[in-house]
Amino acid sequence: MSTMLTNAGEELLRQVHPIMCPDGEPARTAFTPTKKDEGKLSTLRERVGADEAYRRHVEGLQLQSAGTWAVTVGEVDGAGCTAVDDGEDLAVSDHASVDFTAVGGRGAIERAARKLRDAAVARGPRFVPPSA
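Residues numbered from 1 in each chain as written. Predicted model: local features only at pLDDT ≥ 70, side-chain atom pairs only at ≥ 80, totals over all residues. Heavy atoms only, no water.

A few points about the pairing of strand β6 (residues 95-99)
Next up, step 1: Most of β6 is tucked away, with 5 of its 5 residues classed as buried.
Next up, step 2: Of the two faces of β6, both are covered, the one formed by His95, Ser97 and Asp99 as well as the one formed by Ala96 and Val98.
Next up, step 3: Pairing between strand β3 (residues 40-45) and β6: 5 bridges, direction antiparallel. Residue Lys40 lies in a different strand from β6, and its bridge partner there is Asp99. (Buried < 20%, exposed > 50% of the residue type's maximum accessible area, 1.4 Å probe, protein only. Helix = DSSP H or I, 4+ residues; strand = E, 2+ residues; numbered from the N terminus. Pairing = 2+ DSSP bridges.)

This is the structure we're talking about:
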């Protein structure tokens, strides 16, 4: 069962596909859920560690990543979204989702995603692979 995250300072780690990271910074789309995501953006909780989050994504899931970026639970709340621990529901240890479902229409979702992207960029990457 999903539980809402309440520690405002906790970082949620997001992998950014290289195509969504032009010029070394993630685009807004890296923080925007797609239709297949059902309004939820996939992240891992900070206790995993940024390098381990990257490793799980690239080696475990066989997906590409330009690196690990982070937003805090407080920033998620400030963008009008909700951060939920849904690792048990998804059978993925330490998984958390940024839930955009209550944000509103497409424009509101894009504004929320931009806030999250801007916060992640201001913080800087948490992990960049050596070859990047």
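Following the structure, the description resumes.
Considerations on the sheet that holds strand β1 (residues 3-4)
Next up, step 1: Strand order across the open sheet formed by 6 strands is β1-β5-β6-β3-β2-β4, with antiparallel pairing between neighbours. On the outer flanks of this sheet lie β1 and β4 (67-72), each paired with one strand and no other.
Next up, step 2: As paired elements, strand β2 (residues 11-16) and β3 share 2 bridges and run antiparallel to each other. Bridging from a neighbouring strand, Leu13 pairs with Leu44 of β3.
Next up, step 3: Its contacts with the sheet put helix α1 (residues 50-60) on β2, β3 and β4, and the angle it makes with β2 is roughly 40 degrees.
Next up, step 4: Along the sheet, helix α4 (residues 106-123) contacts β2, β4 and β6; its crossing angle with β4, the most-contacted strand, is approximately 115 degrees. (Contact = heavy atoms within 4.5 Å. Axes fitted to C-alpha atoms, helices over the stretch in contact; angles between N-to-C directions.)

A closer look at unusual backbone geometry
Next up, step 1: Of note in the backbone geometry, Glu38 takes a positive phi value of approximately 55 degrees without being a glycine.
Next up, step 2: Residue position: Glu38 is located in the loop between β2 and β3.
Next up, step 3: Given the relative accessible area of 66%, Glu38 is considered exposed.
Next up, step 4: The backbone phi angle of Gln62 is positive, close to 60 degrees, even though this residue is not glycine.
Next up, step 5: In this structure, Gln62 sits in the loop between α1 and β4.

Re α1
Next up, step 1: When we look at burial in α1, the residues that qualify are Ala50, Ala53, Tyr54 and His57. Projected down its long axis, α1 carries its buried residues within an arc of 100 degrees, all on one side.
Next up, step 2: Gln62, located one to two residues past α1, shows a positive phi value of around 60 degrees. (Arc of directions from axis to C-beta.)

As for the packing of aromatic side chains
Next up, step 1: Here the structure, examined in full by the defined rule, presents 1 aromatic pair.
Next up, step 2: Consider the rings of Tyr54 and Phe127, whose centres lie 5.1 Å apart with planes at 50 degrees: the pair is tilted. Taken as a pair, Tyr54 in helix α1 and Phe127 in the segment after α4 lie far apart in primary sequence, 73 residues in all.
Next up, step 3: We classify Phe127 as partly exposed; its relative accessible area is 22%. (Phe/Tyr/Trp six-rings, centres within 6.5 Å; stacked < 30°, edge-to-face > 60°.)

Everything listed here is a matter of geometry and, on its own, says nothing about what the molecule does.
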